Amino acid sequence: MKKMKKGTVYTVQGALIAALYAALTYAVAPLSFGATQFRISEALTILPVFTPAAIPGLSIGCVIANIGSPFGPIDIVLGTLATLLAALMTRLTRNIRFKNIPLLSLIFPTLFNGIIIGAEIMMFTPEQAGIVGFFSCASGVALGEVVVCYTLGLLLFLGLERTRVFDKINH
C-alpha cells in the first residue's frame, strides 16, 4: 500500500475529528447545550495529545455542532474560541504526565469552557446575572466537562495509547 503524504494524513485526521465531534454533539443534543452540559463529544478533546490535526478538527467540529445551538451565532464564535484555546493548551502540555497520563491536558477543556461558555450562558439567562450567576453557570459547564473529560476522555486516551493507532497512522 502506498504511503500517504503527511499533509494528506493531517487533513484527513482533522476532517474525521471534526465530523465525529459534530456527530457526537448532535447525537445527544439535549445534553450538549444548556447550563449544565454533558457534551459527549468533549471526550475527543484529548486528541491533541496524539495529533496536531485535532486542533483544527475540534475547532471546525465545534463550529458545525454549534450551528444547532440555542444561543445562536455567539455560541459558534465563543464556543469555538473555547475549544480552540483548550485544544492548543492540550497540545502544548501533552508531555506533562503523571504515571504516563496527561492529566494536566484534560483540565483545559474544563477551564476554558467553564469560563467562556459559563459567561455566555449567563449573558443569555437574565436570572443568572451577576457574579453569583456567573459562578453558577461556569461551575455547571465545568462539572459536565470534568465528568466527560476525566471519564470518557481518559478512557479514549488509554485505548488510543494502548493500540498506538496514531503512531501507526503517522509513520
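Residues numbered from 1 in each chain as written. Predicted model: local features only at pLDDT ≥ 70, side-chain atom pairs only at ≥ 80, totals over all residues. Heavy atoms only, no water.

Trainee: So, the overall build of the chain: which residues are in play, and what are the values?
Mentor: Looking only at helices and strands, the chain features 7 helices and 0 strands. Here the C-alpha atoms of the chain give a radius of gyration of 16 Å, agreeing with the 16 Å that 2.2 N^0.38 yields for 171 residues. Burial analysis of the chain (171 residues in total) assigns 47% to the buried set. For the chain, restricting intrachain contacts to residue pairs at least 6 apart in sequence, the fraction spanning at least 24 positions comes to 70%. Accessible area of the chain: about 8700 Å², with a carbon and sulfur share of 75%. A gap of 21 Å separates the mean positions of the 12 positive and 7 negative side-chain charges of the chain. (Helix = DSSP H or I, 4+ residues; strand = E, 2+ residues; numbered from the N terminus. Rg over C-alpha atoms; globule rule 2.2 N^0.38 Å. Buried < 20%, exposed > 50% of the residue type's maximum accessible area, 1.4 Å probe, protein only. Contact = heavy atoms within 4.5 Å. Areas by Shrake-Rupley, 256 points an atom, 1.4 Å probe, with all protein chains shown as cover. Lys, Arg positive; Asp, Glu negative; His and termini not counted. Charge placed at Lys NZ, Arg CZ, Asp CG, Glu CD.)

Trainee: I'd like a description of the environment of Ile 40, backed by residues and values.
Mentor: Along the polypeptide, Ile 40 turns up in the loop between helix 2 (29-32) and helix 3 (54-66). Overall, Ile 40 belongs to the partly exposed group, its relative accessible area being 27%. Those residues in contact with Ile 40 that lie beyond four places of it in its chain are Val 28, Val 148 and Leu 152.

Trainee: So what's going on with the state of the cysteines? Which residues, and what values?
Mentor: Defined simply, a disulfide is a covalent bond joining two cysteines at their sulfur atoms. Counted under the stated rule, the structure contains 0 disulfides. Note on Cys 62: no disulfide assigned, nearest cysteine sulfur contributed by Cys 149 at a separation of 13 Å. (Disulfide = S-S within 2.5 Å.)

Trainee: Let's hear about the packing of helix 5 (residues 107-124) against helix 6 (residues 130-163): which residues, and what values?
Mentor: Helix 6 packs onto helix 5 with a crossing angle of 145 degrees between their chain directions and a minimal axis gap of 7 Å. Here the hand of the crossing between helix 5 and helix 6 comes out right-handed. Residue-level inspection shows Ile 107, Pro 109, Thr 110, Asn 113, Gly 114, Ile 115, Ile 117, Gly 118, Ala 119, Ile 121 and Met 122 of helix 5 in contact with helix 6, the latter providing Gly 130, Gly 133, Phe 134, Cys 137, Ala 138, Val 141, Ala 142, Glu 145, Val 146, Cys 149 and Tyr 150. Across the contact of helix 5 with helix 6, the residue classes tally to 15 nonpolar, 6 polar and 1 charged. (Axes fitted to C-alpha atoms, helices over the stretch in contact; angles between N-to-C directions. Left-handed = near helix turned anticlockwise from the far one by under 90°. Nonpolar A, V, L, I, M, F, W, Y, C, P; charged D, E, K, R; others polar.)

Trainee: Would you mind going over helix 6 in detail, with residue names and values included?
Mentor: Relative to the 50 Å expected for 34 residues at 1.5 Å per residue, helix 6 spans 47 Å between its end C-alpha atoms, a close match to the ideal helical length. Where helix 6 bends most, the angle comes to about 30 degrees, and this point is Cys 149. Of the residues flanking the end of helix 6, it is Arg 164, one or two places downstream, whose phi is positive at about 55 degrees. (Expected span 1.5 Å × (residues − 1). Bend = angle between axes of the 7 residues up to and from the residue.)

Trainee: An account of the packing of helix 3 against helix 4 (residues 73-92) is requested, with residue identities and associated values reported.
Mentor: At a minimum axis distance of 9 Å, the contact between helix 3 and helix 4 shows a crossing angle of 160 degrees. When the interaxial angle is binned, helix 3 and helix 4 end up roughly antiparallel. As helix 3 runs across helix 4, the sense of the crossing is right-handed. Together, Ile 55, Leu 58, Ser 59, Cys 62, Val 63 and Asn 66 of helix 3 and Asp 75, Ile 76, Gly 79, Thr 80, Thr 83, Leu 84, Ala 87, Leu 88 and Arg 91 of helix 4 make up the contact between the two elements. For the contact of helix 3 with helix 4, the per-class residue count stands at 8 nonpolar, 5 polar and 2 charged. (Parallel < 35°, antiparallel > 145°, perpendicular 65-115°, else oblique.)

Trainee: Lay out the pattern of salt bridges in plain terms, naming residues and giving numbers.
Mentor: Tallied over the full model, the rule gives 2 salt bridges. The residue Arg 164 makes a salt bridge to Glu 161 at a minimum N-O spacing of 3.2 Å. One network of salt bridges, in which partners are shared, links Arg 97, Glu 161 and Arg 164. (Salt bridge = Lys/Arg side-chain N within 4 Å of Asp/Glu carboxyl O.)

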